[in-house]
Amino acid sequence: NAGVIQTPRHKVTGKGQEATLWCEPISGHSAVFWYRQTIVQGLEFLTYFRNQAPIDDSGMPKERFSAQMPNQSHSTLKIQSTQPQDSAVYLCASSSWDRGTEVFFGKGTRLTVV
Amino acid sequence: DAKTTQPDSMESTEGETVHLPCSHATISGNEYIYWYRQVPLQGPEYVTHGLQQNTTNSMAFLAIASDRKSSTLILPHVSLRDAAVYHCILRVAPGANTGKLTFGHGTILRVHP
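We now turn to the structure provided with this report.

Some details on the layout of surface pockets
Link 1 in the chain: Here the largest pocket defines a volume of roughly 630 Å³.
Link 2 in the chain: Forming the boundary of the largest pocket are 27 residues, of which Gln37(A), Thr38(A), Ile39(A), Gln38(B) and Pro40(B) lie nearest the centre.
Link 3 in the chain: Counting only elements with at least two residues in the lining of the largest pocket, the list comes to β4 (31-38), β5 (42-50), β9 (88-95) and β11 (109-113) of chain A together with β8 (84-92) of chain B.

Following this line, the structure appears as structure tokens:
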């Protein structure tokens, strides 16, 4: 079990460019979560999916951010027209919905917008 | 809004038993108490969770007050590897429409040789 896999681990984009972050949840897990972490704000919930369907996106910025889960083996977080304030570590996590006990986190993608 | 209150930081020495407190005075009947820890450059790692009864596993012992308004994570014989930020989180019971974890800033545990 390789755990939750996030790629790339580091990404540098220029201001105004698009950034796509990838997440491969643990096989068999039906719940996938996205979080953002900064020094100032700490760990912030963004959105989550259950069985590929979006359930709660209350933490997603209304503009420029979107998340998808086209199949059970991967999810993407896309940021359009990136801004310096988008610089953060983006964490993906997954869990087994039926049991729902542990939520397993990936190592994150560090996004730097220059 | 933060639903749990933890000290900003705690200090310990290798080999000691550490007690990390968490206050959750407004906990609801269907909320579980979860503990996660995070070290730099890694995502949060599950430590333990409980509802009402004390629980124990290979990592820690979770003591839950009888009124459930507070809990204590007990780490026996800490080592340098236990230095991390420890988060106490309330999470609605699995299977509900929302299973997200809401993190606060946690307690920074420093362990000295």
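Additional details are given in the paragraphs that follow.
Comments concerning unusual backbone geometry
Link 1 in the chain: Cis rather than trans, the peptide bond between Thr7(A) and Pro8(A) has omega equal to -10 degrees.
Link 2 in the chain: Residue Leu41(B) is not a glycine yet carries a positive backbone phi of 70 degrees.
Link 3 in the chain: The backbone of Arg68(B) sits at a positive phi, close to 60 degrees, despite the residue not being glycine.
Link 4 in the chain: Note that Arg68(B) resides in the loop between β6 (61-64) and β7 (70-75).

Examining the state of the cysteines
Link 1 in the chain: Counting across every chain of the model gives 2 disulfides over all chains.
Link 2 in the chain: With a sulfur-sulfur separation of 1.9 Å, Cys23(A) is cross-linked through a disulfide to Cys92(A). Handedness of the Cys23(A)-Cys92(A) disulfide follows from its S-S torsion of about -65 degrees: it is left-handed. Placement of Cys23(A) in strand β3 (residues 19-24) and of Cys92(A) in strand β9 is noted, with a sequence separation of 69 residues between them. Both residues of the pair, Cys23(A) and Cys92(A), count as buried.
Link 3 in the chain: Bridging Cys22(B) to Cys88(B), the disulfide has an S-S length of 2.1 Å. Of note, the bridge from Cys22(B) to Cys88(B) carries an S-S torsion of about -85 degrees and is left-handed in sense. Residue Cys22(B) is located in strand β2 (residues 18-23), and its partner Cys88(B) is located in strand β8; the two are separated by 66 residues in the primary sequence. Each member of the pair Cys22(B) and Cys88(B) is classed as buried.

What counts, and where the lines are drawn
- Residues numbered from 1 in each chain as written.
- Chains lettered and ligands numbered in written order.
- Predicted model: local features only at pLDDT ≥ 70, side-chain atom pairs only at ≥ 80, totals over all residues.
- Heavy atoms only, no water.
- 1 Å grid on protein atoms, 1.4 Å probe; cavity = no way out; pocket = protein on both sides within 12 Å on 5 of 7 lines; lining within 4 Å.
- Points joined across faces, edges and corners; volume = space filled by probe spheres on them.
- Helix = DSSP H or I, 4+ residues; strand = E, 2+ residues; numbered from the N terminus.
- Disulfide = S-S within 2.5 Å.
- Buried < 20%, exposed > 50% of the residue type's maximum accessible area, 1.4 Å probe, protein only.

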